Amino acid sequence: MTATDHSAPVPVRTVPSTVESTVDGTGRRRFSWRRPAATSLTRLAWSLAVLAVVLVMLAPVLGFLLVAISPRAFGQGDAWFTLAPLASALSGSTLQALLNTAITGVCAAVIATAIGTALALLFGRTQVPLAGFWRLALWALLLAPSYLEALGWTRLAERDGVLAALSGTDITWLRQLVMGPAGVVWVLASRGVPFAFLAVSGVVRGLGRDYEDAARVHGAGRWSRLRITIGMLAPGLWSALAIVFAEAISDYGVGATLAAGANFPIATYALAGAVTNFPADYPGAAAIGWLLMVLVLFALLAQRMATRGRSYAVLSGRSRPCRPVPLRGGRRVLALGALCVFFLLALGVPAFGTVSASLLGNFGSADASSFTLQAYQQVFERSDLLGPVLLSLRLALITATIAVAAGALIARVLARGARARRGGAASLLDLLMLGAVALPAIVLGAGYIFTYNLPAVTALGIQLYGTLTLLVIGLLAGALPQASRLLMGSFAQVQDSLPAAARVHGAGAARAWGTTILPLLSGSLLWAWLLTFADRLLELPLASMLYPPGQEPLAVAVTTLIAGYDFAGGTAVLVVACLGILAVIGAALVLFRLLAPAGWRRWEQR
Amino acid sequence: MNGSSGVAVKVSGVVKRFGTHTALDTVSLTAEAGEFLVLLGPSGSGKSTLLRVLAGIERADEGRVMLGDTLVAEGNLHVPPEKRGLGMVFQDYALWPHLTVADNVAYPLRRKRSGGDVAEKAGGALEKVGLSGYGKRYPGELSGGEQQRVALARALVGRPSLLLFDEPLSNLDADLRERLRVEISTLARESGATVVYITHDQSEAFALADMIGVLERGRLVQFDRPETVYLSPADPFVARFTGLAADLPGVVVRLDGEFAVLDGCGRRVRARSMGGLAAGDAARLLVRPAATRIVRGGDEPAEPGDGVVDGVVDGVVPGTIVDVAYRGRGYDHVVTISDGVLTGVFDERAWPRGSAVRVVLDPQGCIATGDVTNVM
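Q: Kindly report on the confidence of the model for chain A, identifying the contributing residues and their values.
A: Residue and element names in this part refer to chain A. This prediction gives chain A a mean pLDDT of 79; 84% of its residues lie at or above 70. When pLDDT is averaged over each element of chain A, helix H3 (residues 92-125) comes out on top at 91 and strand E1 (residues 18-23) at the bottom at 36. Overall, residues 1-38 carries pLDDT values under 50, and its contacts beyond four positions in sequence, including any with other chains, amount to 32 contacts. The model gives residues 314-318 a pLDDT under 50, and that stretch makes eight contacts with residues more than four places away or in other chains.

Q: Pulling in residues and values, what's your account of the interface of chain A and chain B?
A: Tallying the contact residues gives 24 residues for chain A and 24 residues for chain B. Looking at the side of chain A that touches chain B, the elements that each hand over two or more residues are helix H9 (210-217) and helix H10 (222-250) of chain A. Residue contributions to the side of chain A that touches chain B peak at six residues, all from H9(A). Grouping the amino acids of the side of chain A that touches chain B by side-chain chemistry returns 11 nonpolar, seven polar and six charged.

Q: Help me get a handle on unusual backbone geometry, residues and values and all.
A: You will see that A:Asn263, though not glycine, has its phi angle at about 55°, which is positive. As for its placement among the helices and strands, A:Asn263 is situated in the loop between helix H11 (253-261) and helix H12 (267-276). Of the residues examined, A:Asn263 has 8 C-beta atoms within 10 Å and is grouped as exposed. Positioned with a positive phi, B:Arg159 is a non-glycine residue whose angle comes to about 45°. With respect to the element layout, B:Arg159 can be found in the loop between helix H4 (144-157) and strand E8 (162-166). Since 21 C-beta atoms lie within 10 Å of it, B:Arg159 is described here as buried.

Q: Which residues make up the packing of helix H3 (residues 118-128) of chain B against H4(B), and what are the values?
A: All names here are of chain B. Where H3 meets H4, the axes come as close as 9 Å, and the angle between the chain directions of the two elements is 130°. When the axes of H3 and H4 are compared, the pair comes out oblique. Like other packed secondary-structure pairs, H3 and H4 cross with a definite hand, here right-handed. Residue-level inspection shows Lys-121, Ala-122, Ala-125, Leu-126 and Lys-128 of H3 in contact with H4, the latter providing Ala-153, Leu-156 and Val-157. In terms of residue class, the contact of H3 with H4 is built from six nonpolar, no polar and two charged.

Q: With reference to specific residues and values, describe the environment of B:Thr369.
A: All names here are of chain B. The topology assignment puts Thr-369 in strand E21 (residues 366-370). For Thr-369 and Ala-260, which are 109 residues apart along the polypeptide, the C-alpha to C-alpha distance reads 9.3 Å. If we skip the residues at most four places from it in the chain, Thr-369 touches Pro-236, Met-274, Ala-283, Arg-284 and Leu-286.

Q: For the domain arrangement of chain A, give the residues involved together with the corresponding values.
A: All names here are of chain A. We note that the domain assignment places domain 1 (45-77 + 374-606) and domain 2 (85-310) within chain A. On a C-alpha basis, the centres of domain 1 and domain 2 stand 22 Å from each other. Between domain 1 and domain 2, the residue contacts involve 28 residues of the former and 30 residues of the latter. Elements supplying a minimum of two residues to the side of domain 1 that touches domain 2: helix H1 (40-66), helix H18 (441-452), helix H22 (509-537), helix H23 (541-546), helix H24 (554-563) and helix H25 (567-595). A per-element tally of the side of domain 1 that touches domain 2 places H18 first, with six residues.

Q: Tell me about the packing of H9(A) against H10(A), residues and numbers included.
A: Residues and elements named next belong to chain A. Taken N-terminus to C-terminus, the directions of H9 and H10 make an angle of 145°; their axes are 10 Å apart at the nearest point. The interaxial crossing formed by H9 with H10 has right-handed handedness. Along its contact with H9, which presents Tyr-211, Glu-212, Ala-215 and Arg-216, the element H10 presents Ser-224, Arg-225, Ile-228, Thr-229 and Met-232. Among the residues making up the contact of H9 with H10, the classes are represented as four nonpolar, two polar and three charged.

Q: Can you explain the nonpolar core? Please cite residues and give values.
A: All names here are of chain A. In terms of nonpolar packing, the biggest core is built from 277 residues, with Val-244 and Val-573 touching the most fellow members. Looking at which element gives the most residues to this core, the answer is helix H8 (residues 181-207), with 15 residues. In terms of domain composition, this core takes at least three residues from each of domain 1 (45-77 + 374-606) and domain 2 (85-310). When neighbours within four sequence positions are excluded, Val-573 is seen to be in contact with Val-379, Leu-385, Pro-388, Val-389, Leu-554, Ala-557, Val-558 and Leu-561.

Q: I'd like a description of the pairing of strand E5 (residues 70-74) of chain B, backed by residues and values.
A: Residues and elements named next belong to chain B. The pairing of strand E4 (residues 62-67) with E5 spans four bridges and is antiparallel. Bridge pairing links Leu-67 to Thr-70 in E5. The antiparallel hairpin formed by E4 and E5 contains two residues in its connecting segment, where Gly-68 sits at a positive phi of about 60°. In this sheet, strand E6 (residues 77-78) lies alongside E5 in antiparallel orientation, the contact comprising two bridges. Paired with Glu-74 across the strands is Leu-77, a residue of E6. Counting the residues that bridge the hairpin from E5 to E6 gives two residues, and of these Gly-75 lies at a positive phi of roughly 55°.

Q: Talk me through the pairing of strand E17 (residues 316-326) of chain B; I want residue IDs and the actual numbers.
A: Residue and element names in this part refer to chain B. Summarising the sheet, E17 and strand E20 (residues 356-361) pair through five bridges and their orientation is antiparallel. Bridge assignment links Gly-319 to a residue of E20, and that residue is Val-357. Taken together, the six bridges between E17 and strand E18 (residues 331-337) define a ladder with antiparallel strand orientation. By the bridge assignment for E18, Asp-323 is matched with Val-334. Linking E17 back to E18 in an antiparallel pair, the connection comprises four residues, with Gly-328 at a positive phi of about 90°.

Conventions adopted
Residues numbered from 1 in each chain as written. Chains lettered and ligands numbered in written order. Predicted model: local features only at pLDDT ≥ 70, side-chain atom pairs only at ≥ 80, totals over all residues. pLDDT = per-residue confidence, 0-100. Helix = DSSP H or I, 4+ residues; strand = E, 2+ residues; numbered from the N terminus. Contact = placed C-beta atoms within 7 Å. Nonpolar A, V, L, I, M, F, W, Y, C, P; charged D, E, K, R; others polar. Buried ≥ 20, exposed ≤ 12 C-beta atoms within 10 Å, placed from the backbone. Axes fitted to C-alpha atoms, helices over the stretch in contact; angles between N-to-C directions. Parallel < 35°, antiparallel > 145°, perpendicular 65-115°, else oblique. Left-handed = near helix turned anticlockwise from the far one by under 90°. Domains from an automatic or database assignment. Core = buried A, V, L, I, M, F, W, Y, C linked by C-beta atoms within 7 Å. Pairing = 2+ DSSP bridges.

Written out as structure tokens, the structure is:
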């Protein structure tokens, strides 16, 4: 202990931790906080708990994936080892579905990255009029599930859809465009834009203006400057491409709605079909799962290869922050026009399609005078319409709360591991999380159905199949990686010395955390909770595979209603749910503003 | 541009506003071709903005900028940076992290299509800054000092006629700063280019400059040779910013040519007058550290005629040592006197804390100014 010459020295016994000084591989002296050694039992208990969670959540997926090459091990066929399911997945209609998935994924990734980069540069470098509004729209786009956008477009352009009902004529070219590959690519791409925007704008923010000024001063014209900037954005661009590609090929919502309606098969839909059809073809589904994951891994590897071996370390803290320049005249008009067109196509049209469909009666009542609120009235009167909303609300509250709490723990371990450059548990956890992000929800769901339905598992007394508990576990497994990723950045920014200082001055572990970390991260935690909450409330793939009979979550109810031609009912339920989410977000933000101490809000994120 | 010779820089009446804040308020200055000009000022004084106006990164709202015979900024005319024949070292170096060191240095050559072997020229520039063999590395793999040298090579390689430095040494530690200052001085002068260099460090400014421009809140308050700035600061701000041992109250007794005689520190003191003073005025006595000298213990009787010969003027101030700091060549003392504190009082021997001493003030390094206590 230092500080012994302090006027009021801290009694050593009240400080439960010791400062250890270690010398790492670089020979530099490093100080870190370690708990006293007596807690190895606690550590064992923690490890067991983590192991149990991993077993419950991820082991089923492993079993499901293994069935592709060893059907007999799970009682699904004759062969102990075979590549036949893989071979059949790579032929005929599933091959077509995989190719469609890969091609639409690449197209969506390229389009989303281009738009996302343009938006990131526009928002980071210029004073866009109505910037707050556009940012809100981006968040809305991030939260809106793909099936919502797909449904909106479909309801608008269908033969008996809203446009046909309003105009009285069938707009064939639009229908053919929407209900085909172009529509699928557009929905996936526009859904990917917020991801691409976030990936690139982080880099844009870190760049500052000096690099571009340096190019100008040394003789670069407009295009040379753009080339320099794009070159420096490369890490952001590659991760945007990888993220959007992974998101696009894992997407189930478009496959189940727009693509299914357009007879444009894609892999996730084919996989779900193989599991839910009778008789279920688990080896075939698992083979598709393998191939999907290979595609995701391929994207991640490409990103790694592209950025490896080059240091993009930008000298942070020294850069002159970029002062956004005002947009004038033609450029202003151009920027506003482009923003309007994009958000109209990505958000406005689908929202209009959904809302107007909920206001028109079913079976395309042909004139505009037939707008009615009847469907909304029914949502609150019919238990089969309101029930799913309330069920999903419950599920989302539970899963978001647990996911953010556990995600915070994981993020803390990861952040500390990254800081200490320690191998072992932290890097293993990191790998697991990366794997879980790469795992399409549909594969997760299929894995749960398969494993918890195995006679051997039920014989062990594990009766999870067909219960709400399993759905909650699935939703949690899907949300955990994202939640911890969301929080990781914030945790990485908090210096170890902050809680350390609290403890040196007499606070216990819990108090130190509550008085130093919690205030700093309260904004991030709140946002992570809200995002997870909204995402889980509208979740489709896991819900559709794991819901117990008679207890349909929201997304399942909506797609079922629409498939049963109750367009008004289905879209009205969706609109009510979205309004509910907005109300929760608004209430949470207002409460935070009113109740949180002023110091907490200083660190609030956008 | 192939001129290895510098251009004259002429700035007239430049105004730059950011919203309601005026960053540059009618600044005018002229630098001869090949001159090393240092702009000195605290943060927020506008020196960085002035540099960026010269570079063309910022547009002036009013006034004109001429580089040699070329008008580069006036009214709606604005020659973009890439057309001004510049080299510049940024405060954060701004080395492009995705390009190798060699590509960073070769960049200006490629843009100017100056012909010849680009790689060879870039290699030559790297050799000049002592980094030959570093070409294939990336900026992220270099130390701060090495990055700074790369930035210097990049600025020099295109043989610019105007070299701009934006606080290039502020991110380095003291030892490296001194070495790189010498390198910058030598290489920049060797290139023949006109240099505009900004810093908030007065010792750096005095060490480098042919001419110093001192900026305060967007105004150029003094533009002179370093010696003049030090001996005859234009106003109290310049005096304070360029280093003082003390800033003491006093009353003007009489004026004596360029000097004023003050009652202050309990004694009579002679000081250069900044002007605008009359007998009976309240004044401030500003003392340069170099103008102080400890003569002997305060308990010994003062000899008549000690200090400055003037009959009435004493110039010897009694005080007590409160702190002493070892500086290698000797010791810096902090001395309390009747009206305040003298800092940085140098002596080759150490006076123990608490000892009574007398400090002689040299009128050449003392400045008398009107009592306006609102500056800094």
